Structure formats: structure tokens, C-alpha cells
Amino acid sequence: MIAGIDLGTTNSLIGVFESGFPMLLADTEGRRLIPSVVLYPENGIPLIGREALRMQSLHPECTVASVKRFMGRRFGEEGTEHLQGTKGIPVTLPINGIDLTPEEVSSEILKKLKSVAEERLGTTVDRAVITVPAYFNDAQRAATRMAGELAGFTVERILSEPTAAALAYGLDKLSDRSKVAVYDLGGGTFDLSVLQLDNGVFQVLSTHGDTHLGGDDLDEAIARRLLREADIETLTPEMKVRLKEAARTAKELLSSEDSTVVLLPFMEGSQSLEIPLTRAQIEEVCEPIIQRTRALCLRALADAGVQAEQLDQLILVGGSTRMPLVQKLTSEIFGKQPNLSQHPDEAVALGAVLQAAILEGNLQNVALLDVTPLSLGIETFGGLMNVIIPRNTTIPAKAGEMFTNAVAGQSGMKIIVLQGERELASDNWMLGSFEIPFPPSQKGAARVGVQFSIDADGILQVLARDTSAGIEKIVEIKSAVEVSDEAVEAMLAGSLEHAFEDMDARIFTEARLKAEEMLPAVEAALDQLGSELPESEVLDIRQQSSEVEAALKSKETTRLKQALAVLDNATQTLATKLLEKAMG
């Protein structure tokens, strides 16, 4: 089995092609994005990912983040000016008296991804396709390959990120000579690549970028804005980390909301900060940074000899491209609306998985035929519609996802197949349902893969498989293509008419599920370790928990999201103590 890996500056992901469909794998917390952060304690094994990120504020001197910026680099090159070393020799990073190479640090991230895959799949995963930016030179690509080998992988291919993204969007199905622009605003880097499809293979015509321009820079700008409002003179390393985390949370929230309140409990001793922030305010500080991408885009188009209007597709990659400001700017530069059909954080990893499947011979090119008139998916916990095959997907098509049990002791899963464009399952059409059994287990322990397959005639087959026991069911539904134009128009009109209330209902439901999981966990942690915290901090946590409960009862979406964010911040020290106790 060959895994597909997006080794990112800020986050990394791993996935495999299993049971006929690409699948990105989640860790034990159910999260697919693994922070690209490594913490080296003086004694003991390194912490990787979310554990390292949580401890970073306490031990910044032995934590390495954004190591991708130093892969294959030498002291004295652009971007290494702040590092101490002899000019011209390969970069090393001094941690606890030892000089570590970027390849060694990256290999720890890859080992973490490898363990996630092997734990989820129950088998050895030792072959991989790993993605790199298109502008990476031979030394940087060789360093990435070496990191993979140090982690125990046979690296089958080093794949350019824009090519991976294009595969994820299904752009390999376009006609020959089609041209695609990939605007990739990652955590630490930006690049714009122009690709041309030639006999089923993407050729990178040009790429331009900035290895020190990304979401991190946007977070820094927002953090500086918050700092001005807070009027704090001296920042400790811990305060800097907390401020940047608050800035990132605000950026993500203000991509869908117009305003928020940034709350930082006990920022200065007993003093807590409460700073109102609007989307317009963050756009004011972020726009100069995002505008820096304009010249790079125009230069890449000029180098490729392509006019913006000659592009067949524009796709956006990277979490920061969710910002309305980024989408507005790209529309202006390229004169067309971007294709937003894929998850911007996961597109590169998904493409790597598809490339891995091609290398294994598990994925063949298919001809362009019909398209799905409406999205197809299943009902998930909370009564939401989870789309598996989006509207306008070319058929034949095959896609799927892995699901788990939401309740402890659950002995089966009911698969309700839906068609439509609404956020709530009850507002879409039910095409059929069936049950897949599995042994009763702890919450989140079961793994059920659900695959949708539409053949050239538009007949939908739904497969559900308990991957641990190997039990599976295949149900043929009905034609997913034969829907009257009137019915499609009515569904689309309804989705537009109710778009805002539908999205609000989805966001509230997701926040409610998080709250219902978080509140008892916080209470249990306080029972266990509350005596080790200052009384004022315990009181603050209980007050914030009460605010979450009140927000749940009021059913106010924005209030609940803000209350959860405040509770999450208030419990940082408690979570760290839990982690330290677990490690001890």
C-alpha cells in the first residue's frame, strides 16, 4: 500500500486509497490535520503535532515549527539570515545542545503520520508519495526524500503540490491543452503555478512564489493589531504564542462572521483581555500582505505565455484562501470565479493519495461522460448532510469517507443516502437506507468506510464496510442522474433561498456537538486536577462552562462559538497539566 502525504509548513496530512476510494486518515482525536511542530524535551522522546503545539508556549527554546522553510537550504541563503552558522554549509538547528538537520525534524513529523496510518489501518505502511512546492529545487526535493527514508518510508515519488491539487479537483479529466492556475497560500509559503494538461499528464508551465509569505504572516499582522488594542508593553514567549493562536482563531471565525470578540483570560497576571474585532479590521491589516501575491501571479502568467482569460480553471489551495478577501482578489486578478469544490486544506493530500493509487494501478483514467445534477451524501450525527459526491461531478465517479461511532456501545450504523443541496438532512431527498453492524466499542473506535460509486449509466451503488471485521454491505439505489430539470431547479432555488439559515443551522449543530463533548471533559479534568490550579482560574473555567451552557440554551450560534473559544483558551493550563500527567 502506498500512502499519499502532504508534508506542509504548518500542517501535514496522510491518506491511502482503500476499498476503491481515496481516504484521508485522522488521529485518535479525529483530526486529519497534524500540526508540523516537533518539541524535543531534554530527556525523553520528541512530542509531535498537537501535543508539541500545546506545549510550545512553555518550551519555545526546544520547539521547531515551519521546518519546511529550511529543507535543503544552506546558511547565508535568503530566509536563513536569523540562523547562526557558517555560510555555505547545510542548515542545522541547535536544540538542547544537539545540531539537528531539517531532514531529521521533518522525519519526526513523517513518523507521526506513519503511526497514524498504521494505527487506523491496522497494517504496515512503508511506501509513500510526498508532495513539495513546485519551486523546490533538486536539493530541497532530495532533502524531502531523505526525510521520508529516515521515517521508514520507501519514497515512490516526489510530487509537485499544484499537480496534486489539480488531481484532487479532477482536472486531469479536462481536454488536452487545458490550462489551470493553482493559487496556493499555505501556512508559511505562497506560490502560483500555471499547469497545462498534455496527454493526461500535467506539465508545470511556470511557477512563482514567496517562501516567506503565508497564513503565518496574516496571523502575525492580526496579532500586532490585537497587541495595539491590548496596550501591553512586554510580551513573554508564552503570551506571544497565546496571542498568535487567538489571532489565527479570529481569522478563521471572521472568514464566515462579520465580527467577534477575542477573549484572553489571565493574559497579564489576573488581568483578562476582551478585544472586539471585525472582518473589516483584519482585512485592513491583511490586505497589504495578500496584495503581495498579485505581482507573483502576473509574473507566473507572463512566464507561461498565458493570458488570464485563456485559463480553463482557477483553484485555491491552503486554509487562508477561505478568507473572502483572498477570493475577491483572485477573482479580480484572473477575471473568473475560483473553483471552491474541494477542501482547501486537504486538496494537496487528496491528490497525493490519487497519485499513489495511479502508481499502484488502482486508478485508471475514465472518459468524460455525464455529470451528477445534485450532490449525493449521507446523514451524519446531528442530522447534517455530509456530501460525498458533489453536484456537477463527472461520471463515472467513485468517492468515499471513513466514519466512526458517535456513541459508546453503539453496535451498528444506519446509512441514510441523501440527494440535494441543503445543509440539514431533513431538507434533502432520501434515496434509501440500510444498516451495517459492528461489535460494540468505545466512542470513536469503530471504522466504517462508506463509498459511493456511480457508473456510466448513472446507477448509484453504496458500499459500507466495517474495516476491522471486514463486514460489508452493497446496496444499489437508483439512477442518481435521472432527475427532472424542474426538480433540480426547485432544489437549487431552495438552497439559495435558505442558504444563510441553513449554514447557521449547520454551524450551530457542529458547535452544539462540540459543546456536549467538551463540557463533561472539562468537568472531569477539574475533578482530577482542579486542586493544582489557582482558585481564580478554576472559577473562571466554571464561569466559562456556564456561559457555554447558557449559549446552548439560547441557541445563538455566534454566542456559542465565542463561548467555546473562550472556554478552550481558559483551559489551556489545565490541558497542559493533563498532558504532562499522561506523559509522566
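Residues numbered from 1 in each chain as written. Predicted model: local features only at pLDDT ≥ 70, side-chain atom pairs only at ≥ 80, totals over all residues. Heavy atoms only, no water.

> What is the right way to look at the packing of aromatic side chains in this model?
Aromatic rings in a pair are described by how distant their centres are and how their planes are angled relative to each other. If you walk through the whole model with that rule in mind, you get one aromatic pair. Across from the ring centre of F153, 5.9 Å away, lies the NZ or CZ of K114, which sits over that ring. (Phe/Tyr/Trp six-rings, centres within 6.5 Å; stacked < 30°, edge-to-face > 60°. Lys NZ or Arg CZ within 6 Å of the ring centre and 35° of its normal.)

> Could you clarify how one ought to interpret the sheet that holds strand β12 (residues 179-185) in this entry?
Strands pair in a sheet through their backbones, by hydrogen bonds, and they do so in one of two ways: parallel or antiparallel. As summarised here, the arrangement of the four strands in space is β14-β13-β12-β17, forming an open sheet in which the pairing is mixed. Across the chains shown, the open sheet's two edge strands, defined by having one partner strand only, are β14 (201-210) and β17 (313-317). In this sheet, neighbouring strand axes are inclined to one another by 20 degrees on average, regardless of whether the strands run parallel or antiparallel. Bridge count for β12 against strand β13 (residues 190-198) is seven bridges, and the pairing is antiparallel. (Pairing = 2+ DSSP bridges. Helix = DSSP H or I, 4+ residues; strand = E, 2+ residues; numbered from the N terminus. Axes fitted to C-alpha atoms, helices over the stretch in contact; angles between N-to-C directions.)

> What should I look at first to understand the nonpolar core in this one?
Burial of nonpolar side chains together is a common tendency in soluble globular proteins. The biggest cluster of nonpolar side chains holds 47 residues, and the ones touching the most others in it are I5, L110 and F153. Ranked by the residues each element gives to this core, the list is headed by helix α2 (residues 102-121), at seven residues. (Core = buried A, V, L, I, M, F, W, Y, C linked by side-chain atoms within 4.5 Å. Buried < 20%, exposed > 50% of the residue type's maximum accessible area, 1.4 Å probe, protein only.)

> Is there a simple way to explain unusual backbone geometry in this structure?
Generally, phi is negative for residues other than glycine and the peptide bonds are trans, each holding for most cases. Phi at S66 takes a positive value of approximately 55 degrees, unusual for a residue other than glycine. Looking at the secondary structure, you find S66 in the loop between β7 (63-65) and β8 (93-95). Judged by its relative accessible area of 15%, S66 falls in the buried class. Even without glycine at this site, N96 takes up a positive phi of about 50 degrees. Relative to the assigned elements, N96 resides in the loop between β8 and β9 (98-100). The exposure class assigned to N96 is partly exposed, which follows from its relative accessible area of 37%.

> What exactly am I supposed to notice about the packing of helix α7 (residues 279-304) against helix α8 (residues 324-334) here?
Two measures define how a pair of helices packs: the angle their axes make with one another and the distance between the axes. Here α7 crosses α8 at 30 degrees, and the two axes come no closer than 9 Å. Taken together, the axis directions place α7 and α8 in an arrangement best described as roughly parallel. For the crossing formed where α7 meets α8, the hand is right-handed. Here α7 contributes R279, E283, C286, E287, I290, Q291, T293, R294, C297, L298 and L301 to the contact with α8, which in turn contributes P324, L325, V326, L329, E332, I333 and F334. A breakdown of the residues in the contact of α7 with α8 according to their chemical character gives 11 nonpolar, two polar and five charged. (Parallel < 35°, antiparallel > 145°, perpendicular 65-115°, else oblique. Left-handed = near helix turned anticlockwise from the far one by under 90°. Contact = heavy atoms within 4.5 Å. Nonpolar A, V, L, I, M, F, W, Y, C, P; charged D, E, K, R; others polar.)

> Where do I start with the environment of L53 in this structure?
Mapped onto the fold, L53 is located in helix α1 (residues 50-55). Taking C-alpha positions, L53 is 8.7 Å from S36, a pair spaced 17 residues apart along the chain. Excluding anything up to four places from it in sequence, L53 contacts P35, V37 and E245.

> How should I be thinking about helix α6 (residues 237-253) in this particular structure?
Note on helix geometry: an α-helix contains 3.6 residues per turn, so any two residues three or four positions apart are oriented the same way. With 17 residues, α6 ought to run about 24 Å at 1.5 Å a step, and its terminal C-alpha atoms sit 25 Å apart, in line with that. Among the residues making up α6, those that are buried are M239, V241, R242, L243, A246, A247, A250, K251 and L253. (Expected span 1.5 Å × (residues − 1).)

> Got a minute to help me understand the packing of helix α11 (residues 499-529) against helix α13 (residues 557-570) in this structure?
It is the contact of α11 with α13, at a shortest axis distance of 9 Å, that shows an interaxial angle of 35 degrees. Two packed elements cross with a definite hand, and for α11 against α13 that hand is left-handed. In this structure, α11 uses D504, I507, F508, A511, R512, K514, A515, M518, L519 and V522 to contact α13, whose residues at the interface are T557, L560, K561, L564, L567 and D568.

> Any chance you could explain the state of the cysteines here in plain terms?
Cysteine pairs can be linked by a disulfide, which is a covalent bond between their two sulfur atoms. Under the counting rule described, the total for this entry stands at zero disulfides. The thiol of C297 is unpaired, and the distance to the nearest cysteine sulfur, on C286, comes to 17 Å. Owing to a relative accessible area of 0%, C297 belongs among the buried residues under this scheme. (Disulfide = S-S within 2.5 Å.)

> Sorry if this is basic, but what is going on with the sheet that holds strand β22 (residues 429-437) here?
Taken in spatial order, the four strands line up as β19-β18-β21-β22 in an open sheet, and their pairing is antiparallel. Edge strands, defined here as strands with exactly one partner in the open sheet, are β19 (384-389) and β22. Taking the axes of each pair of neighbouring strands and ignoring which way they run, one obtains an average angle of 30 degrees across the sheet. Relative to strand β21 (residues 412-419), strand β18 (residues 376-380) runs antiparallel, the two sharing three bridges. Across the sheet, residue L376 finds its bridge partner in β21, namely Q419.

In short, shape yes, function no, at least from these values alone.
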